[in-house]
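Examination of the molecular architecture
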Amino acid sequence: MFTFLLVVHAIIAALLVATILMQKSEGGGLTTGGSPSGLMSARGAANFLTRATAILAGMFVVMSIVLAVLAATRGGDTIDTSRVTVPAQTAPASGPAPVAQPTALPAAPADNSAVPLAK
């Protein structure tokens, strides 16, 4: 059920974005620009895209709240740690642990015979 509602929520979000992007830019936004008959006129309020945006925004908010409540009340989805294996630690031997000795590097040639010549 949660996954189904999550998919429906994603579809609503995509439709909301598409509806917002299809609307004509009135200009002005939060500034004083734009036409005086913009959204407050009868024609602007009855616009299909404006109403669709409001409906989709309301559905988006309601679905967000429903999904948050469902996610908070779900008790079955916890992290399964039953398959985690922890490697057994061996007890140290009496005395310090052996230190790995570095391997010796081969000696460099005394002349430049190992250097390739540039062509």
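Because the structure is predicted, anything quoted here is derived from the model rather than measured. (Residues numbered from 1 in each chain as written. Predicted model: local features only at pLDDT ≥ 70, side-chain atom pairs only at ≥ 80, totals over all residues. Heavy atoms only, no water.)

1. Structural notes on a nonpolar patch on the surface
So the rule is basically this: A patch consists of residues exposed above 30% relative accessible area that lack any salt bridge, with like charges linked at up to 9 Å and nonpolar side chains (Val, Leu, Ile, Met, Phe, Trp, Tyr) linked at up to 5 Å. The accessible surface values rely on the Shrake-Rupley method and a 1.4 Å probe; as for residues, cover is taken only from the protein chains in view. Criterion for a salt bridge: a side-chain nitrogen of Lys or Arg within 4 Å of a carboxyl oxygen of Asp or Glu. The numbering of helices and of strands both runs from the N terminus, where a helix is a DSSP run of H or I of at least 4 residues and a strand a run of E of at least 2.
Among the surface-exposed residues, Val7, Ile11 and Leu15 lie close enough to one another that they form a single nonpolar patch of about 260 Å² accessible area. Take Val7: it is sitting in helix H1 (residues 2-22).

2. A short note on the packing of H1 against helix H3 (residues 48-73)
We count it as follows: Angles here are taken between N-to-C directions and fall from 0 to 180 degrees, while the axes themselves are lines fitted to C-alpha atoms, restricted in helices to the stretch in contact. If an angle is under 35 degrees, it is roughly parallel; if it is over 145, roughly antiparallel; if it lies from 65 to 115, roughly perpendicular; otherwise it is oblique. The crossing is said to be left-handed when, going from far helix to near helix, the turn is anticlockwise and less than a right angle, and right-handed when the turn is clockwise. Asp, Glu, Lys and Arg are counted as charged, while Ala, Val, Leu, Ile, Met, Phe, Trp, Tyr, Cys and Pro are counted as nonpolar; the rest, among them Gly, fall into the polar class.
It is at 9 Å that the axes of H1 and H3 come closest, and there the two elements cross at 155 degrees. In this view, H1 runs roughly antiparallel relative to H3, as classed from their interaxial angle. Considering the relative orientation of H1 and H3, their crossing is left-handed. Split by residue class, the contact of H1 with H3 holds 21 nonpolar, four polar and no charged.

3. What to know about H1
To be explicit about the condition: Given the number of residues in a helix, its expected span is that number minus one, multiplied by 1.5 Å. In this scheme, a residue with accessible area under 20% of its type's maximum is buried, one over 50% is exposed, and one in between is partly exposed, where area comes from a 1.4 Å probe on protein chains only. What the arc covers is the set of directions going from the helix axis to the C-beta atoms.
Over its 21 residues, H1 extends 30 Å from the first C-alpha to the last, a length consistent with the 30 Å expected when each residue adds 1.5 Å. Taken together, the buried positions of H1 are Leu5, His9, Ile12, Leu16 and Thr19. Summarising the axial view, the buried residues of H1 lie within an arc of 90 degrees, below the 170-degree limit, and thus occupy one face. Exposed side chains of H1 directed beyond 90 degrees from the buried face belong to Thr3, Phe4, Leu21 and Met22.

4. Overview of the nonpolar core
Where we set the bar: As used here, the term nonpolar core means buried Ala, Val, Leu, Ile, Met, Phe, Trp, Tyr and Cys residues forming a set that is joined through side-chain atoms within 4.5 Å. Residue contacts follow a heavy-atom distance rule, with two residues in contact if any of their heavy atoms lie within 4.5 Å.
In terms of nonpolar packing, the biggest core is built from six residues, these being Leu5, Ile12, Leu16, Leu56, Met63 and Leu67. Mapped by element, the contributors of at least two residues to this core are H1 and H3. In this structure Met63 touches Leu5, Val8, His9 and Ile12, once residues within four positions along its chain are discounted.

5. Topic: the side chain of Thr53
Applicable threshold: We define a polar contact as two N or O atoms separated by no more than 3.5 Å, with the added condition that, inside protein, one atom must be a possible hydrogen donor and the other a possible acceptor, whereas residues neighbouring each other in sequence contribute only through side-chain atom pairs.
In this structure, Thr53 sits in helix H3. Within the structure, the side chain of Thr53 is placed 2.7 Å from the backbone oxygen of Leu49, a separation counted as a polar contact. Aside from chain neighbours lying at most four places away, what touches Thr53 is Leu16, Thr19, Ile20 and Gln23.

6. Here's the deal with the UniProt feature "transmembrane region" (unreviewed entry) in the protein chain
Keep this limit in mind: UniProt positions are given in the numbering used here, feature names are shortened, and annotations may be inferred rather than shown by experiment.
Residues given the UniProt feature "transmembrane region" (unreviewed entry) here are residues 51-73. Split by type, residues 51-73 is 100% helix and 0% strand. Its first and last C-alpha atoms lie 33 Å apart.

7. Things to note about the side chain of Thr19
Topologically, Thr19 is positioned in helix H1. On the basis of relative accessibility, which here comes to 7%, the residue Thr19 falls in the buried class. Thr19 has contacts with Leu49, Ala52, Thr53 and Leu56, leaving out every residue within four places of it along the chain.

8. Details of the confidence of the model for the protein chain
Just so we agree on the cut-off: A residue's pLDDT is the predictor's confidence in that residue, given on a scale from 0 to 100.
Overall, the prediction assigns the protein chain a mean pLDDT of 75, with 50% of residues at 70 or greater. Mean pLDDT per element in the protein chain: helix H2 (residues 42-45) is the minimum at 49, and H1 is the maximum at 93.

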